[in-house]
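Secondary and tertiary structure notes
Residue-level listing of the chains:
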Amino acid sequence: MILSRIIGCGGYLPQKVLTNDDLSKNLDTSHDWIVGRSGINQRHIAADDELTSDLGLAAARNAIKDSGISPQEIDLLILATSTPDNTFPATATKIQSKLGMGCGLAFDVQAVCAGFICAFSIANNFIKSGQAKTALVIGAETYSRILDWKDRGTCVLFGDGAGAVILRSEEGNDNKDRAGILSTCMYSNGDYYKALYVDGGVSTTQTAGYLRMEGREVFKHAVEKLTSAANEALNLASLNIENVDWLIPHQANLRIIDAIAKKLELDKKKLIITVDQHANTSSASIPLALSAAIKDGRINAGDIIVLEAIGGGLVWGAGVARW
Ligand code: ACO
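Residues numbered from 1 in each chain as written. Predicted model: local features only at pLDDT ≥ 70, side-chain atom pairs only at ≥ 80, totals over all residues. Heavy atoms only, no water.

1. Section: the overall build of the chain
For clarity, the cut-off: Helix and strand assignments follow DSSP, with helices taken as H or I runs no shorter than four residues and strands as E runs no shorter than two, numbered in order from the N terminus. Every radius of gyration here is taken over C-alpha atoms, with the globule rule written as 2.2 Å times N^0.38, N being the number of residues. In this scheme, a residue with accessible area under 20% of its type's maximum is buried, one over 50% is exposed, and one in between is partly exposed, where area comes from a 1.4 Å probe on protein chains only. Here a residue-residue contact requires only that any non-hydrogen atoms of the pair lie within 4.5 Å. Residue-level accessible areas treat just the shown protein chains as cover; the underlying method is Shrake-Rupley with a 1.4 Å probe. Only four residue types enter the tally: Lys and Arg on the positive side, Asp and Glu on the negative side; His and the chain ends are excluded. Taken as the charge centre is NZ of Lys, CZ of Arg, CG of Asp or CD of Glu, depending on the residue.
The number of helices and strands found in the chain is nine helices and 13 strands. For 323 residues, the compact-globule formula gives about 20 Å, and the C-alpha radius of gyration of the chain, at 18 Å, lands near that figure. With the C-alpha coordinates aligned to their principal axes, the bounding extent of the chain is approximately 60 × 45 × 40 Å. Residues classed as buried in the chain amount to 55% of the 323 residues present. Within the chain, contacts between residues separated by at least 24 positions form 76% of all contacts whose residues are at least 6 apart in sequence. Of the accessible surface of the chain, which amounts to about 13800 Å², a share of 49% is contributed by carbon and sulfur atoms. Across the chain, the centroid of the 31 positively charged side chains sits 1 Å from that of the 36 negatively charged ones.

Right, here's the structure in full:
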């Protein structure tokens, strides 16, 4: 049986840090409001000449280094982003060229904050079907370019960054303790298109537009849908919440993450949290949180990890892996 295994992980954050106090100098907000409602203390902001492809490339190089493979071994590159360099071609192809991959397939996935889990799920299915052997899955975003910096209800919540993982096909027996991706599940419901959207685009306004959000509506769906997705992915892997060592949720808001842990009856010590330092980096948030937890030694061989995210669409999903 073929399983795909996570063999490397890396992140990249732009150098510039914007604190809540920095924001409150030009906006009617405060550190206490932002941290109290979201758990966010600071976010990173890309330099003017730094593009999504630059962030993604840096994270990819870190993941490749961590895995010990060469870029030429990668035969599938999926970039999750909703802030591409250009309308087309796919930003993934620019990263493919800069990495010197040489061959294989590179394309973008657009599922907003659920982009990484969607790309991860697609890569897993390519590997399981034998269509790819080594996949690079990246989440990279420059949300600072689509934020309305006068809208205090949204601009305080997001940041820029990138994260990446390398997945590799491994043949093996049916031993139930094998490391690898055990399950994924993905859903969308376009009835909530306007709950979280960008008010511009190629076919509508010919501008990039700004992010607009019904905060309370998104909050409610996030708690409900991420709880059910985690339970479903665990069920598909024939596991339950007691088996979970680490939950790595999309880092949108600490209150959402706490509410999910409560509904799942999961000990809060098993949550990986980076939203306080990175804010919401959309599709980059899960691989950034994963690489932080690997770097500090929290995740160990044999651990069961659950990844989950929700984003505009609405699109949501989860995945379970044994480390
Ligand atoms: N600073 C100070 N006051 C603010 C700010 C701010 N930055 N933003 C809003 N307020 C004010 C509002 O104007 C309002 O004032 P009023 O009562 O005088 O009208 C008051 O605070 C309450 O506003 P609400 O929007 O009702 O505040 P709420 O408690 O719902 O918190 C928040 C807002 C943080 C956006 C919350 O709804 C939330 O976290 N929602 C989920 C958002 C999210 O995580 N989205 C991303 C998930 S999907 C993805 O990642 C793309």
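Back to the write-up after that little detour.
2. Looking at empty space enclosed by the protein
Going by this rule: Each cavity reported here is a set of points on a 1 Å grid over the protein atoms alone in which a 1.4 Å probe fits but cannot get out, each pocket an open set with protein on both sides within 12 Å along at least five of seven lines, and each lining residue one with an atom within 4 Å of a point. Grid points are joined across faces, edges and corners, and a volume is the space filled by probe spheres set on the points. Polarity classes work like this: nonpolar for Ala, Val, Leu, Ile, Met, Phe, Trp, Tyr, Cys and Pro, charged for Asp, Glu, Lys and Arg, and polar for all others, with Gly in that last group.
Scanning the entire structure with this criterion turns up one cavity of 30 Å³ or more. Taken as a whole, the largest cavity encloses approximately 40 Å³ of empty space. Around the largest cavity, the lining residues are R5, I6, A179, G180, A321, R322 and W323. Listed by contribution, the elements that provide at least two residues to the lining of the largest cavity are β1 (2–12) and β13 (315–322). Class assignment of the residues belonging to the lining of the largest cavity gives a composition of four nonpolar, one polar and two charged.

3. Some details on the packing of helix α3 (residues 52–67) against helix α4 (residues 91–99)
For the record, the criterion: In this analysis an axis means a line fitted to C-alpha atoms, helices contributing only their contacting stretch, and an angle means the value between N-to-C directions, from 0 to 180 degrees. Here roughly perpendicular refers to angles of 65 to 115 degrees, roughly parallel to angles under 35, roughly antiparallel to angles over 145, and oblique to all remaining angles. A crossing counts as left-handed when the near helix is turned anticlockwise from the far one by less than a right angle, and as right-handed when that turn is clockwise.
For the pair α3 and α4, the least separation of the axes is 10 Å and the interaxial angle reads 50 degrees. In terms of orientation, α3 lies oblique with respect to α4. For the pair α3 and α4, the sense of crossing is right-handed. Along the contact surface, α3 presents S53, D54, G56, L57, A60, R61 and I64, while α4 presents T91, K94, I95, K98 and L99.

4. A look at the sheet that holds β13
Hydrogen bonding along the main chain pairs the strands of a sheet, whether they run parallel or antiparallel. Note the cut-off: Any two strands between which DSSP finds at least two bridges are classified as paired.
One open sheet holds the four strands; their spatial order is β8-β13-β12-β11, and the pairing between them is mixed. Each end of this open sheet is capped by a strand with a single partner; those strands are β8 (180–188) and β11 (246–249). Averaged over all adjacent pairs, the angle separating strand axes in this sheet is 10 degrees, with direction ignored. Of the strand pairs in this sheet, β11 and strand β12 (residues 304–311) are connected by four bridges, and their pairing is parallel. Paired with P249 across the strands is E308, a residue of β12.

5. Quick notes on the side chain of T154
Spelled out, the test is: Within 3.5 Å is the distance limit for a polar contact, defined as a pair of N or O atoms, with the added protein rule that one can donate a hydrogen and the other accept it, and that residues adjacent in sequence qualify only through two side-chain atoms.
Position of T154 among the secondary structure elements: in the loop between β6 (134–141) and β7 (161–171). The buried category is assigned to T154, whose relative accessible area is 2%. Of the polar contacts made by the side chain of T154, one reaches the side chain of D151; its length is 2.9 Å. Apart from residues no more than four positions distant in its own chain, T154 is found in contact with L147, D148, L211 and M213.

6. With respect to the side chain of E50
What counts, and what does not: Think of a salt bridge as a Lys or Arg side-chain nitrogen and an Asp or Glu carboxyl oxygen that are within 4 Å of each other.
Take E50: it is sitting in the loop between β3 (42–45) and α3. No salt bridge is formed by the buried E50; its nearest oppositely charged neighbour, R145, is found at 6.3 Å. Non-local contacts of E50, meaning those with residues more than four positions away in its chain, are made with Y12, P14, L55, T142 and R145.

7. Brief notes about the domain arrangement of the chain
Just so we agree on the cut-off: Note that the domain bounds were set by an automatic or database domain assignment. Here the quantity called buried area is the total loss of accessible area, with a 1.4 Å probe, experienced by two parts when brought into contact, counted for both.
What the domain assignment lists for the chain is domain 1 (2–171) and domain 2 (180–322). Here domain 1 meets domain 2 over a buried area of about 3700 Å², counting both sides, of which 68% is carbon and sulfur. A per-residue breakdown of the area domain 1 buries against domain 2 is headed by C113, I117 and I146, which together make up 17% of the total. Between domain 1 and domain 2 we count two salt bridges in total. Counting across the interface, domain 1 meets domain 2 through 17 residue pairs in polar contact (both at pLDDT 80 or more). Of the residues contributing to the side of domain 1 that touches domain 2, the split by class is 25 nonpolar, 21 polar and seven charged.

8. Description of unusual backbone geometry
The linkage connecting F88 with the following residue, P89, adopts the cis geometry, with an omega of 0 degrees. Among the secondary structure elements, P89 is positioned in the loop between β4 (76–80) and α4. Residue L314 is reached from G313 by a cis peptide bond, and omega for that bond is -10 degrees. Note that L314 resides in the loop between β12 and β13. Not every positive phi belongs to a glycine, and Q206 is a case in point at roughly 60 degrees. Positionally, Q206 belongs in the loop between β9 (196–198) and β10 (211–213). Backbone geometry places S238, a non-glycine residue, at a positive phi of 55 degrees. Residue position: S238 is located in the loop between α6 (215–236) and β11.

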